[in-house]
Structure formats: structure tokens, C-alpha cells
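Here's the letter readout for the chains.
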Amino acid sequence: MFVSLWVYRRFFFLPLSNTILSCFKDNSVFAWEFDTLRCKYQLPTPVEGSVLLYKVFAVTRDGRIFVAGGKSNHLHLWCLESKQLIRIIQMPAKVRAVRHLEFLTDSFDGGSNQVLGVLSQDNIMRFINIETCKLLFDIGSHEEGISTAAISPNGRYIASVMANGSLNLYSVQALTQEGNKPPPPMFKAVEDSSKCTSEANKLMMRVTSGRSEWPWKSKGSKIQTRLLKLQVNTSLENKENELPGGLNKKRLRALLKGFGEYPAKYRMFVWRSLLQLPENHLAFSSLIDKGTHSAFVNIQNEYPIKSMKLLRVLQRTLSALAHWSAIFAETPYIPLLAFPFVKLFQNNQLICFEVVATVVVNFCQHWFEYFPNPPVNVLSMLENVLAHHDKELLQHLITYSVTSQVYAWPLLETLFSEVLTREEWLKVFDNIFSNHPSYFLMIVVAYIICSRAPLLHCNQTADFEYFFHHRNNLDINVVIKEAYHLMEATPPDIHPQHMLDDFIPLTKGQYPVFNKYPKFIVDYQTQEWERIRQDEIEYLRERQLAHELEAKAQEWKAEDEAWYRKQKLLKEAEEQKRKMLLEEEEKLVEQRQRLAAVKRELKVKELQFLDASRRRFLKYQQDQRQMELKRLDDEIARKVSMREQETAATVQDVEARRMELESQRQLFEQHLIKDQEAVTQEMKEEVDARQRKVDLEDRLVQRLMEIDREEKQKAQIVAEENLAKAEQKCIDTDWRLQVLHKLRRDDQDREKRYEEIAKLLHDNRVKEAELLKAMREAEEKKWEEVTQKKAQLEEEQKAAAAADEHRKWFLEDKMNDALELAEKLQSEDGYFERLRDLKARRTERGIELQQVPRSGNICLNDFSASESSSHMSLDRRREELACQERELMAEVRRLRQKLTSRARTRHPPTRFPATKWTP
């Protein structure tokens, strides 16, 4: 088995599972768990006579049937649940090898695919039914062979690449009209069992031609398109009963009345035809693309469904409904209403959504007019029908205050899913979808009327609520018949059929607008929910911020406490270490004293032990010698006894010869005595020598033992002393190392602090140096400025002094001239001319005074004004003084120019501006 793992044919995942299926060259098939890579099971070896080399494989969508083929016209069908070979299909004789296998999917088979496409070596793809082994149809021909083929996920189209390079697309609906025809008759050919002797023959089924049961196909293998034309004489009623897919509503009702339900195999197809679903893929995709609606984000909290796939489909369907119309996001019972259809159509979300939307639009008419309250108008219809057909039951319900919201609304909002089993629910909705929308209300009344016996025995509101929320022992066929009876026996004035519209399918392309509800309430609720959600988000954000601040505060507080605790612990640890060091030193002294006492005791015990050992060894040697002597005595006694026995035995012989030897004995007796004495002496000397040698060896051994013991004792003493010294040295060294380490850490800490202080001092010195430098530069600038200002002040003081001197000299000179002129005018008759000359001179002096610096400027306007007034009052001799006046003015101009040039040379005009003068 392990060798075959390296020579595999194919690895692939089973659909909708985490199981890996592997097939190897020896036809061994293993199933592995993806998570643990553990072998779950192995398919057994096929029966004898049917072995083929697996090359191609196919698995149904539900992962139950596994098909394998290869270089043979046989196909092996394995059941992966029972791990058994259930069937061997024999293809026609033209098929010698299988190149490709693929199942034709169907939306209504629940994943248990029945049609298998087999591409053989002749480039023809044959489609067979694996249950009946009938050949349904084939594509391709010998002239236009198929290289490879693929089937669309919904099983509607087949794409094939031809041998000539072209791409052909086939419509499965055009190839076979199975969905538009009633189910084919179930028959099987009875074969002689004598032909099937082996187990392989029992499993084997041949593929037979079934073309007579399927649409005709032209010999040229080309699909012809036909246009279906309606007959002219077709009645309006037949047109209304015609449904998509070639079905007729009238015939379906007749079938439903006869059998009570539709065939389970074709129920989904019939429902799709009855509801006339438009299958708006683009419109549904646009709703799905909007994502999960905010109202159903946490739907798993309210509806904890075990199957995650079912939960996702429910969430997407409800979100699509909410995006289609806002009312469904606010309706609390919409998940209960949609869940049965979601569970039924979970593999096709488009059909699921359109079925729910069709049910809401047609069978839930006028439900949302009183939103958010239950549909009071619909419940009133039900109550009127119940009052007409069973007044006693209605009166009983009224007696115990049981309203229609208790006995009718739970059945409506859950669509009977709480009170019926799956089979009963499907049977009920077979009838609901086949009739007018009012039949849905009638079946609710029928359910209540059929339950009148247990309801009449109930006298508590909780019992009524429990009854309409749980399954009960009712025959659903009786309920359905009663609903049909109510449809016929209800008077027109209270019949719901006159108050509800006829069935209207969804529009194609785009879904209709659904706005039959109080929009302002839904908008207000939506706004309130959005406001609450925003407030909740803001509250969560503020709470998160508060938690973060609190966490930070706690963290800071914990850090501070930890730091203080650490410092306290360090201090306590330091004190404890000091105490421990003192205690260790005291313990060390005590241990040394105890060690010395123990050494003394050990020395005494060692001496006692050595003495006892020596005594025991001497006793042992004595015992050994006594035992040796005893053994020698025993040996001698034994030999003596033996000799005595021998002697006793030979006494008689010796006695006979004694007489003969007596003479010889006496003759040699002396020689024997001498020899015996010599031997005895020799033995004695030898024994003495041996005894001396033994004593010498014993003394040597004793001496060696004593020397060895002394050496061992000395070595042990030296070793113990060295060990004690080494231990003491080690303890002292460890203590010194600890002290040095602590001192080194303290030195390092002090060095770091010194470095930091030195760095701070250096930085302070640098900053102080920069500050001193800046202050020195500012001081130098100030001193330079002071020096400049002093020099400027001295120059200005010198200029002011010179100006004062000049002004003083000028005033004295002019006053002298004026006095002299006044005296001349008084003495002479030309008083007025002199007076005018004095005026001119004063005017010139005023001009000069205006040309001097401002610091020494003295205004003489009053004096000039008085003189001019006196001049204006005296008008005598005007003509005579005119000439003198012109001369004086010319002189004044010359003096003015002279003073101006002198002032400019002494003082710049910027510092001492000249005063404008007007003659």
C-alpha cells in the first residue's frame, strides 16, 4: 500500500466536504481528512472479473456516488456512504476506452445527479442515466469528434472543443425535453438470472438505447430549431392555464386533486412554473452586491442556526429583501416567513429570493397597511369566515379573550412552519401555490376549524398560545379538503377572494416597486434606528475613550505604585541582604565551630575504628590459624587411622616376616634412628625457618598496613584541610565578588551620575561662556556707542560754545553800532535816515541770528516790530532816505551770504538747518 502512494492517478476533493479522494495505479482508492491527513476509509477491491485500470473519475454534487472508468467499456459505480461497489455499467460495444466522465447537474435533484456524460475513444460523448442505464442522447460524431467537453454549473449548456479546433455549444433543453414532459414510466427489463453467475454479473447492467422515449435527433447530428405557434382555436381559458415550461395549471390541479401533492422529484420545477419566476439574474446580483443590510448583521444572535451555510443564505436573502423594499428591514417576522423557503432553496439563492418575494407580493396582500401592527384587515377576514362556518368555536375563543392575533396571526407569520412537518408543509404549499391567494387564508381557517375539539377544551390563554406555536395531531389531508370546502361554501360578501387581487407574477428584467405600506412610519423608524445606531456608536466611542483614559490612568497609577513598591522592595531586600549577611557570618562561625568539633569526633571515631579493625583482623588471623591447625590435626588423625587400618591389615603378614626382618631391623635400627633424627632436625629447621619467614611477612604486612593507614590518614587530613580551605576561600571569594559587584554597580551608578553632572556642568559652562561672550560683545558695543556719543557730545559742546561766543560777539558789536548810530542821529538832522539804517542793520542781525544754530537762537522780532511801527508812523524825508535804504539792503545781502557760507563750513546743514528769510 505504501509503495502505491508514490504512483498515483489522481487526487481531488469531494464536493461540499474536506475529504480528499486519491486513486493510485493499483486501483486502490483512499479517503483522507484534509485537517489531520488521516485516512478515513479505503474502498474495497472490486470483484473478480471486473478489474479495470482506473483513468478517469467523476463524483456527484452531493458526494455520494463515485464513478471510475478506464481502458474498458465498463464503469464502476461506488457508494461512498456504504463503501461498496453498487453497480457495473457496461457501455456499448463501440466503446473500448473512456476518456472523460462528468455528471450533468440539475437544480432540482438536490445534488444527487442521475445523468452521466461519458466521452469515449471514438470522440463521441454519450449521456446515460445511471439508475436506469438508458442512453439519453449523445453529441459528436465520427466526422466531428469531441476532444474535450465541459458542462455549465447549472447543467443547461455543454461546451465542447471539437477535433478540428472549433468550439460547439449545446443546449441541454434542446437535446432533451425531460423537464417539459411527465416522468417516463418506470420499467426495467427482466433478465434471466442464470446468465449472471458471478458477483460481477449480478452488479453489471448494460446500457440500452432509450431514444424512443426522448426527442428525435436527426441523423446528421445537427440540432434543428423549431418555432412553436399557438393554435388559432385555443381558448382564453387555456391561455390563462398555460404555464412556463410547457405545464398547464388546470392539469396540475387535477393531478394535485388525484394524488394530494406533486411528485417530490418535480415539485421544485412545478413551483417555479406555478409562481412564474422571472429569474432576473442582473437585478438580483445588484441587490446582493449591496452587501449585508444593517438590520441583519447580527441575525445569528436572534436566530442561532447551526448550519453556517443556511445562516449565510438566510442573511443574504433577508438583506436582498431589505434592499428591495425598506419595509422588510423593519418587519420583525420576515425571517420566520422566509426561513422555510431558504431551507428548501438554499442551493439556489436567486430562486429562493424570488419565491419569497412572490409569496410576499401575492399571498401577503394588505399585510403591511397597519404596520407596525398585525394586519387587522386580514385578520378580520379570517374572523368573519370563522364566524360564518363555526360560531360556537369563535364564541369560545371570545369567551376566553383569545383574539385573531393569537389563533390566526402565528399561523400566518410563520407560514405554518411551526405547526407542520416538512412533508405536511410541502403538501400544503402545493395546494396554496396552485390556487387563488385567498386559499392561503382559507387553509388557516380550516386548520382552526379542524382543531375545534382540543381548542374547546382549552380555557387558558397560555394553552391557546402553545397550541398555535407547536405541532398538533391533525390530518393535513383533512385540513386541505376543509379549505377547499370553505372556498366553495363561503358567501361572496365575506369571501377573501373578492378582497384580494389575483396572482400577479414578478416582472422580468427588474423587480416591481413594493410600497404598499405606511411609508412615513417606516421612514421614521429607519431614521430612529439610524439615530439610535449613531448614538450607540458615539456612546461606544466615548466609552472606549473613557476606558482607554481610565486604563491609562490605571496603568500610570500601577506604574507609580509598582515603582514605589519596587523601591520599597529594593530597600527591604537591601536590609534583608544585610541581615542575611550578618546571619550568614554568624552561621559561618557556628559552622566552623561545629566543624571543628565534628572533626575531633571523627578523629576519635577513626582511631577507634582503626583499633577495632586491627583487633578484628588479628582475631581473624588467629581463627584462620586455629582452623588450619585443626584441619591439619584432622588430616593427621585420618591418615593415622588409615595407617592403623593398613597396619592392622598387614600385621599378620608383617608378623610372618617380622621374624625374618627382626634381625635386619635390629641391624638397621640404628641407621633409621640416625636418619630419622637427621630428617626431624631438618624438618624442624625448615619449620622454624618457615615460621620466621611467616612472622617476617606478617610484620611487613602489618607495617605496610600501618604505613598505608598513616598515609591515608595524612592524605585525608590534608584533603579535608585543603577542602575546608578551598570552601572557605570560595565562600570568601564569592562574598568579595558580591561586594565588588555591588561596589562596581555603585561606582558605575556614581560614574553615570558624575558623567551626567559633568555633562550638565559642561553644558552650563558652554552656555555661560556664550552668555558672557554675548554680554562682552554687548558691553563692547555699548562702550563704543558711549565713546561715540561722548565724542559727538564734545563736538556739539564745542560747536555750541563757539556759537555762543560768536553770538555774544555779534550782539555786542551790533549793539555798539546801534548806540553809535543813535547818538549820531540825535546829533545830526538826518535822524530818520540813521534810524532806517539802524533798522536795516537790526534786520541783518536778525538774519544772522537766524543762520546760527538752534541751540543759540535768540528772537528779536519784538524790537524789529516796534522799530518798523515807528518807521511807518514817520513819513518825513522819505525820498532822501530811499537811496540810503538801497545801499543798506545791498550791504545786508553781502553780510547774509558771508554768514551763510561761514555757517555751512562750520556746521553741516543736516544738523543746523537754515531758517528761511524773506526780505
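Only a predicted model underlies this, so the values are computations on that prediction, with no experimental measurement involved.

(A) Region of interest: the overall build of the protein chain. Scanning the protein chain from terminus to terminus reveals 24 helices and 17 strands. In the protein chain, the proportion of contacts linking residues at least 24 apart, taken out of those at least 6 apart, comes to 63%. In the structure as shown, the protein chain presents an accessible area of about 61000 Å², 54% of it carried by carbon and sulfur atoms.

(B) Representation of the side chain of Asn248 within the structure. Tracing the sequence through the fold places Asn248 in the loop between helix H3 (236-241) and helix H4 (249-259). For Asn248, a relative accessible area of 11% puts it in the buried group. At 2.9 Å, the side chain of Asn248 and the backbone nitrogen of Lys250 are in polar contact. A polar contact of 3.2 Å, which involves the side chain of Asn248, links it to the backbone nitrogen of Arg251.

(C) Looking closely at helix H6 (residues 281-289). Among the residues of H6, Ala283, Phe284 and Leu287 are the ones counted as buried. Relative to the axis of H6, the buried residues are bounded by an arc of 95 degrees and lie together on one face. When the buried face of H6 is taken as reference, the exposed residues oriented beyond 90 degrees from it are Leu282 and Asp289. Tucked into the core, H6 has its buried residues touching helix H8 (308-324) and helix H11 (349-363). Phi turns positive, to about 85 degrees, at Gly291, one or two residues after H6.

(D) Representation of the sheet that holds strand E13 (residues 146-151). Strands sit in the order E13-E14-E15 across an open sheet of three strands; the sheet is antiparallel. Two strands lie at the open edges of the sheet, namely E13 and strand E15 (167-171), each paired on one side alone. Geometrically, the sheet is characterised by an average inter-axis angle of 20 degrees between neighbouring strands, direction not taken into account. Two strands pair when backbone bridges link them, and strand E14 (residues 157-162) and E15 are joined in this way by five bridges, in the antiparallel orientation. By the bridge assignment, Ile158 is partnered in E15 with Tyr170.

(E) Structural view of unusual backbone geometry. Phi is positive for Glu279, which is not a glycine, with a value near 55 degrees. By the element assignment, Glu279 lies in the loop between helix H5 (267-275) and H6. A positive phi is found at Ser401, a non-glycine position, where the angle reads about 55 degrees. Tracing the backbone through its elements, the reader meets Ser401 in the loop between helix H13 (391-399) and helix H14 (404-407).

(F) Just the packing of aromatic side chains, in detail. By the definition in use, this model includes 29 aromatic pairs. The interplanar angle of 65 degrees and the centroid separation of 5.2 Å between the aromatic rings of Phe341 and Trp425 together place this pair among those described as edge-to-face. One end of the pair, Phe341, is in helix H10 (residues 334-344); the other, Trp425, is in helix H16 (residues 422-433), with 84 residues separating them in the sequence. Residue Phe341 is classed as buried on the basis of its relative accessible area of 0%. Judged by relative accessible area, Trp425 falls into the buried class, the value being 6%.

(G) Spotlight on the pattern of salt bridges. In this structure the tally under the stated criterion is 18 salt bridges. For Arg615, the salt bridge identified is with Asp611, shortest N-O distance 3.1 Å. Residue Arg615 and its partner Asp611 are located together in helix H21 (residues 519-827), separated by four residues, close to a single helical turn. Given a relative accessible area of 29%, Asp611 falls into the partly exposed group. Note that Glu785 is salt-bridged to Lys789, the shortest N-O span being 3.1 Å.

(H) How the structure looks around the environment of Phe34. Take Phe34: it is sitting in the loop between strand E3 (29-33) and strand E4 (39-42). For Phe34, a relative accessible area of 45% gives the class partly exposed. The contact partners of Phe34, leaving out residues within four places of it in the chain, are Phe13, Asn18 and Ile20.

(I) Region of interest: the packing of helix H12 (residues 376-389) against H13. The interhelical angle for the contact between H12 and H13, taken along N-to-C directions, is 125 degrees, at an axis separation of 5 Å. With respect to H13, the element H12 is oriented oblique. Only Lys391, Leu393, Leu394 and Leu397 of H13 make contact with H12, whose side of the interface consists of Glu383, Leu386, Ala387 and His389. Residues that form the contact of H12 with H13 fall into these classes: five nonpolar, one polar and two charged.

(J) Geometry of the environment of Ala803. You can see Ala803 is positioned in helix H21. In the structure, Ala803 is positioned 100 residues away from Ala903 in sequence and 9.7 Å away in space, judged by C-alpha atoms.

(K) Examining the pairing of E4 more closely. Looking at chain direction, E3 and E4 are connected through three bridges and run antiparallel. Counted as the bridge partner of Ala31 is Tyr41 from E4. Hairpin remark: E3 followed by E4, antiparallel, with five residues in the connecting loop; positive phi at Leu37, about 55 degrees.

(L) Layout of a nonpolar patch on the surface. Taken together, the side chains of Leu581, Trp735, Leu737, Val739, Leu740 and Leu743 define a hydrophobic patch exposed on the protein surface, amounting to about 490 Å² of accessible area. Looking at the secondary structure, you find Leu581 in helix H21. Judged by its relative accessible area of 35%, Leu581 falls in the partly exposed class.

(M) Just H13, in detail. Of the residues making up H13, those classed as buried are Leu393, Leu394, His396 and Leu397. Buried residues in H13, looked at end-on, bunch into an arc of 155 degrees, giving them a common side. Exposed residues on H13 whose side chains face more than 90 degrees from its buried face are Lys391, Glu392 and Thr399. Summarising the contacts, the buried residues of H13 are in contact with H12, H14, helix H17 (438-450), helix H18 (452-456) and helix H19 (461-467).

(N) Geometry of the packing of H16 against H17. Remark: H16 packs on H17, axes separated minimally by 8 Å, with the N-to-C direction vectors making an angle of 140 degrees. Comparing the axis directions of H16 and H17 gives the class oblique. Crossing of H16 against H17: the hand is right-handed. Along the contact surface, H16 presents Val428, Asn431 and Ile432, while H17 presents Tyr439, Phe440 and Ile443. Classifying every residue of the contact of H16 with H17 by side-chain character gives five nonpolar, one polar and no charged.

(O) Geometry of the confidence of the model for the protein chain. Residues with a pLDDT of 70 or more make up 79% of the protein chain, whose mean pLDDT is 77. Mean pLDDT across the secondary structure elements of the protein chain bottoms out at helix H23 (residues 861-873), with 43, and peaks at H17, with 93. Here residues 1-6 is modelled with pLDDT under 50, and outside its nearest four sequence neighbours on either side it reaches seven contacts, counting other chains as well. Here residues 909-919 is modelled with pLDDT under 50, and outside its nearest four sequence neighbours on either side it reaches 14 contacts, counting other chains as well.

Rules of the game
Residues numbered from 1 in each chain as written. Predicted model: local features only at pLDDT ≥ 70, side-chain atom pairs only at ≥ 80, totals over all residues. Heavy atoms only, no water. Helix = DSSP H or I, 4+ residues; strand = E, 2+ residues; numbered from the N terminus. Contact = heavy atoms within 4.5 Å. Areas by Shrake-Rupley, 256 points an atom, 1.4 Å probe, with all protein chains shown as cover. Buried < 20%, exposed > 50% of the residue type's maximum accessible area, 1.4 Å probe, protein only. Polar contact = N/O pair within 3.5 Å; in protein donor to acceptor, adjacent residues only side chain to side chain. Arc of directions from axis to C-beta. Pairing = 2+ DSSP bridges. Axes fitted to C-alpha atoms, helices over the stretch in contact; angles between N-to-C directions. Phe/Tyr/Trp six-rings, centres within 6.5 Å; stacked < 30°, edge-to-face > 60°. Salt bridge = Lys/Arg side-chain N within 4 Å of Asp/Glu carboxyl O. Parallel < 35°, antiparallel > 145°, perpendicular 65-115°, else oblique. Nonpolar A, V, L, I, M, F, W, Y, C, P; charged D, E, K, R; others polar. Patch = residues over 30% accessible without salt bridge, like charges linked within 9 Å, V, L, I, M, F, W, Y side chains within 5 Å. Left-handed = near helix turned anticlockwise from the far one by under 90°. pLDDT = per-residue confidence, 0-100.

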